[in-house]
Amino acid sequence: MYLTYFNGEWHEGNVPLYGAMDHSVWLGSSVFDGARAMRGKLPDLRPHLERVVRSADKLGLRCPLSVDEMEALVREGVAKFPADAELYVRPLVFASAGFLIPEPEKTGFALTLFDAPLPAFTGFSACLSTLRRPEPDMAPTDAKASALYANSTKAMREAKERGFDQAIMLDAQGNVAEFASSNLFLVTEEGKVVTPVDNGTFLAGITRARVIALLGKVGIEVEQRSVKPAELGTAREIFSTGNYGKVTPCVRYEGRTLEAGPVARQARELYLAFVEGC
Ligand code: PMP
């Protein structure tokens, strides 16, 4: 079931938001975020809501609701589902007016909640994309902007055509950036846990930061540095972090099978324990 808050009311189903003349439809000025409600727990909800306000600002939009107002709405919406529901929570902020440049005062807001069970720890396959992440001086990479996803979805479509579930994207310098829709961690041959350093070209996610902190607390240091694509070919483990799947192992990279390994499993368990404490 979809439940959408829009224009002061809750609606069931996929509610139409846009008109053909809206700036967000025409020139793509919308931003969004994604969080999860897990059996009534809302892990890192506020950072996700804070990020949507920040993302809007970066595109010259003014989010019409405060973080507190959005949080209250999320709680109101979650209460409309069964207590044990696994939900996805998606705030969307979009420009409705403006010629070429969006008018900040005419910014719309919608919040959609829908059933989305947490994916199992079974793993996914990934290939190296030919598409790269733009540099911060090429695109608004500091916003979770819908328009940036034309790039990610093209990478994912190409991956699917090649028989893979996901795509790994490099940055313009040729270093590993992230998966097309989540962040990337790997465990090196020597057993070191590594994730690409935040260089502004990819979305350094909220789940990524949470997982780095959780692993740190149990004495597993995550090294944040440049990662060469060749390291993907020798890694013991590769896994993803993101609000949708939380921690998910990559079990095939190009032609090579990988273990749904102990570090990814531990990171997932630590995350789920963190959720219980929220
Ligand atoms: N990178 C991209 C391109 C994403 O779409 C996402 C999902 N939001 C992430 C990384 C992970 O970010 P987060 O953990 O904040 O959801």
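Note: the structure precedes this text.
Residues numbered from 1 in each chain as written. Predicted model: local features only at pLDDT ≥ 70, side-chain atom pairs only at ≥ 80, totals over all residues. Heavy atoms only, no water.

Caption draft 1: Highlighting the site of the ligand. Lys144, Tyr149, Glu178, Thr207 and Asn243 are the nearest of the 16 residues found near the ligand. For the ligand, a nitrogen atom lies 2.6 Å from a polar atom in the side chain of Glu178. At a threshold of 2 Å from the grid points, most atoms of the ligand map onto the largest pocket. Mapped by element, the contributors of at least two residues to the shell around the ligand are helix H2 (45-58), helix H5 (206-217) and strand S13 (237-242). (Near = heavy atom within 4 Å. Polar contact = N/O pair within 3.5 Å; in protein donor to acceptor, adjacent residues only side chain to side chain. 1 Å grid on protein atoms, 1.4 Å probe; cavity = no way out; pocket = protein on both sides within 12 Å on 5 of 7 lines; lining within 4 Å. Sits in = over half its atoms within 2 Å of the grid points. Helix = DSSP H or I, 4+ residues; strand = E, 2+ residues; numbered from the N terminus.)

Caption draft 2: Geometry of the layout of surface pockets. Size it by volume and the largest pocket reaches roughly 700 Å³. Around the largest pocket sit 41 residues that line it, and Ser181, Ser182, Gly242, Asn243 and Tyr244 are the ones nearest its centre. When residues of the lining of the largest pocket are traced back to their parent elements, those giving at least two are H2, strand S5 (86-95), helix H4 (149-161), strand S9 (176-179), H5, S13 and strand S14 (246-253). Counting residues domain by domain, the lining of the largest pocket receives three or more from each of domain 1 (2-115) and domain 2 (124-276). As a volume, the second largest pocket reaches approximately 290 Å³. Asn14, Leu17, Arg90, Leu92 and Thr112 are the residues nearest the centre of the second largest pocket, which is lined by 13 residues in total. Breaking the lining of the second largest pocket down by element, the ones donating at least two residues are strand S1 (2-6), S5 and strand S6 (107-115). Of the residues belonging to the lining of the second largest pocket, the class tally is seven nonpolar, five polar and one charged. (Points joined across faces, edges and corners; volume = space filled by probe spheres on them. Domains from an automatic or database assignment. Nonpolar A, V, L, I, M, F, W, Y, C, P; charged D, E, K, R; others polar.)

Caption draft 3: The arrangement of the packing of aromatic side chains in detail. If you walk through the whole model with that rule in mind, you get 11 aromatic pairs. Each ring, one from Tyr18 and one from Phe94, has its centre 5.1 Å from the other, and the planes form 80 degrees; the classification is edge-to-face. Highlighted residues: Tyr18 in the loop between strand S2 (9-12) and helix H1 (23-27) and Phe94 in strand S5, separated in sequence by 76 residues. Judged by relative accessible area, which is 39%, Tyr18 ranks as partly exposed. With a relative accessible area of 2%, Phe94 lands in the buried category. Plain terms: the ring middles of Tyr271 and Phe274 are 5.4 Å apart, the flat faces sit at 70 degrees to each other, and that makes the pair edge-to-face. Of this pair, Tyr271 and Phe274 are both found in helix H7 (residues 262-276), three residues apart, which corresponds to roughly one turn of the helix. (Phe/Tyr/Trp six-rings, centres within 6.5 Å; stacked < 30°, edge-to-face > 60°. Buried < 20%, exposed > 50% of the residue type's maximum accessible area, 1.4 Å probe, protein only.)

Caption draft 4: Empty space enclosed by the protein, seen in detail. Counted according to the given criterion, the structure contains one cavity of 30 Å³ or more. Reported here for the largest cavity is a volume of approximately 40 Å³. Looking at the lining of the largest cavity, its residues break down into five nonpolar, three polar and two charged.

Caption draft 5: The arrangement of the state of the cysteines in detail. Summed over the entire model, instances satisfying the criterion amount to zero disulfides. Counting only cysteine sulfurs, Cys250 is the nearest neighbor of Cys127, a cysteine outside any disulfide, at a range of 9.7 Å. Residue Cys250 is classed as buried on the basis of its relative accessible area of 0%. (Disulfide = S-S within 2.5 Å.)

Caption draft 6: Layout of the pattern of salt bridges. Taken as a whole, this structure holds 15 salt bridges when the rule is applied. The partner of Lys106 in a salt bridge is Glu103, and the shortest N-O contact between them spans 3.3 Å. Of the residues examined, Lys106 reaches a relative accessible area of 45% and is grouped as partly exposed. Judged by relative accessible area, which is 35%, Glu103 ranks as partly exposed. Salt bridges sharing common partners tie together Arg36, Arg39, Glu86 and Glu276. (Salt bridge = Lys/Arg side-chain N within 4 Å of Asp/Glu carboxyl O.)

Caption draft 7: Representation of the pairing of S9 within the structure. Pairing geometry for strand S8 (residues 166-170) and S9, over three bridges, is antiparallel. Opposite Ile168, over in S9, you have Phe179 as the bridge partner. The hairpin formed by S8 and S9 contains five residues between the paired strands, and Gly174 there has a positive phi angle of roughly 95 degrees. (Pairing = 2+ DSSP bridges.)

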